[in-house]
Protein chains: 2
Amino acid sequence: MALLSKSCVYGIRASIYIASEEENGFIPISQVAKELNLSPHFLTKILQELTNEDLLLSHKGPRGGVKFARDTSKIKLIEIIGAIDGMDLFTECALGLEGCGVYKPCPLHDSWTEHRRVLRELFEEENLYDLAMNVKNAGLRLRTLDQKEILDLKSSKKK
Amino acid sequence: MALLSKSCVYGIRASIYIASEEENGFIPISQVAKELNLSPHFLTKILQELTNEDLLLSHKGPRGGVKFARDTSKIKLIEIIGAIDGMDLFTECALGLEGCGVYKPCPLHDSWTEHRRVLRELFEEENLYDLAMNVKNAGLRLRTLDQKEILDLKSSKKK
DNA sequence: CAATATAAAGATAATAATGTCTTCAAATCT
DNA sequence: AGATTTGAAGACATTATTATCTTTATATTG
Ligand code: SF4
Ligand code: SF4
């Protein structure tokens, strides 16, 4: 079990890419999918969830595409996660015992609720602009590695 | 997306219950399933994963059942989680970008790896004995609420 | 207006997670 | 030995997730 669903991870990667191309206006989803090595249609569906939440603006037709509705430095990662996976991760008990712990919490209760709060803060603090800048300036990769790249990485362990 | 799979949550609840019945020797899985309101066959499969990891001992036939192979105060929650969901949660990147961040981490990298470590410690610290004691002494519920119980809970908000 | 490029919507398929049911194997008990 | 109780194994069913493919609606361009 991963922390985030695949849809969510794809959505985050795409969001960072779109933010990094901000200056070019509306970016076609097909371009995003190609750069990130994802299925264009699948990605379209995922990004629609962001459009429906008014995080993204979309525009059809030639020169259309998507772009963020607000200043990307104001769009936090948790908004992307919330739109795609929902906020359960930040509100539910890890052990899923509904009603439990209200009066008589288990030994996990305090540490879990505290931990959940920190997790939430972590994603609340990160904004798309910073993440995108890092992609541009420090070379963070957003697409999965193909076989050749994995080999290159292994052979150049020294650096 | 929850932190833990349903199988894992069921496995944890069952483990706590089994630990709380430790003194009664081998506990039939059917009894555990009944107490926890779970499918006996599904639970059997889940607990088999614990048996295969030598966390549980199992015994067939009349008076058979399962019990923990070691002192439950020495069995940490993370062992149950690892046997059922695996350790990916504690080893993988939240953004799932393999190879990324090795040389040039994204802004999330440090906070995520630190957070992951804390999460791991949280589950490494909790042992079944303590959790089971809490069930017995403080009334932690392990089974899901039925409709009536949910109503009772709501109507007695004051307490 | 016609051609084209694009997102949106929806049909379908593949895979994984969850859950139920049946049969089998082993242990116990009379 | 035979009946019974249990976990183990596996067949099947259901649902959710992930993914692809087709069609439709909308906007732009010329
Ligand atoms: S008491 Fe424990 S099981 Fe109950 S809600 Fe709190 S952390 Fe979850
Ligand atoms: S740099 Fe960021 S995306 Fe890459 S492994 Fe670290 S946390 Fe994950």
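This structure is a prediction, so every number in the text was calculated from the model and none was measured. (Residues numbered from 1 in each chain as written. Chains lettered and ligands numbered in written order. Predicted model: local features only at pLDDT ≥ 70, side-chain atom pairs only at ≥ 80, totals over all residues. Heavy atoms only, no water.)

## A word on the protein's contact with DNA strand C
- Neighbouring DNA strand C are 27 residues; A:I29, A:K45, A:S58, B:Y10 and B:S39 lie closest to it.
- Restricting attention to atoms of DNA strand C within 4 Å of the protein, one finds that 66% of them are sugar or phosphate atoms.
- A:I29 is positioned with one of its backbone polar atoms (N or O) 2.6 Å from a phosphate oxygen of DNA strand C.
- Those elements that place two or more of their residues in the surface near DNA strand C are α3 (40–52) and β1 (56–59) of chain A together with α1 (6–20) and α3 (40–52) of chain B.
- Counting residues per element, the surface near DNA strand C draws most heavily on α3(A), at 4 residues.
- Its residues assigned to classes, the surface near DNA strand C comprises 7 nonpolar, 14 polar and 6 charged. (Near = heavy atom within 4 Å. Polar contact = N/O pair within 3.5 Å; in protein donor to acceptor, adjacent residues only side chain to side chain. Helix = DSSP H or I, 4+ residues; strand = E, 2+ residues; numbered from the N terminus. Nonpolar A, V, L, I, M, F, W, Y, C, P; charged D, E, K, R; others polar.)

## Digging into the pairing of strand β1 (residues 56–59) of chain B
Residues and elements named next belong to chain B.
- Bridge count for β1 against strand β2 (residues 65–68) is 4 bridges, and the pairing is antiparallel. Bridge pairing in β2 places H59 opposite G65.
- The loop that links β1 with its antiparallel partner β2 comprises 5 residues; one of these, G61, has a positive phi angle of about 80°. (Pairing = 2+ DSSP bridges.)

## Here's the deal with the packing of α3(A) against helix α4 (residues 77–85) of chain A
Residue and element names in this part refer to chain A.
- Two elements in contact, α3 and α4, have axes whose closest approach is 9 Å; the angle formed by their N-to-C orientations is 110°. With respect to α4, the element α3 is oriented roughly perpendicular. Read as a crossing pair, α3 and α4 show a hand that is right-handed. Counting all contacts with α3, which are made through I46, E49 and L50, the residues of α4 involved are I80, A83 and I84.
- For the contact of α3 with α4, the residue count by class is 5 nonpolar, no polar and 1 charged. (Axes fitted to C-alpha atoms, helices over the stretch in contact; angles between N-to-C directions. Parallel < 35°, antiparallel > 145°, perpendicular 65-115°, else oblique. Left-handed = near helix turned anticlockwise from the far one by under 90°. Contact = heavy atoms within 4.5 Å.)

Just geometry here; none of it tells us what the structure is for.
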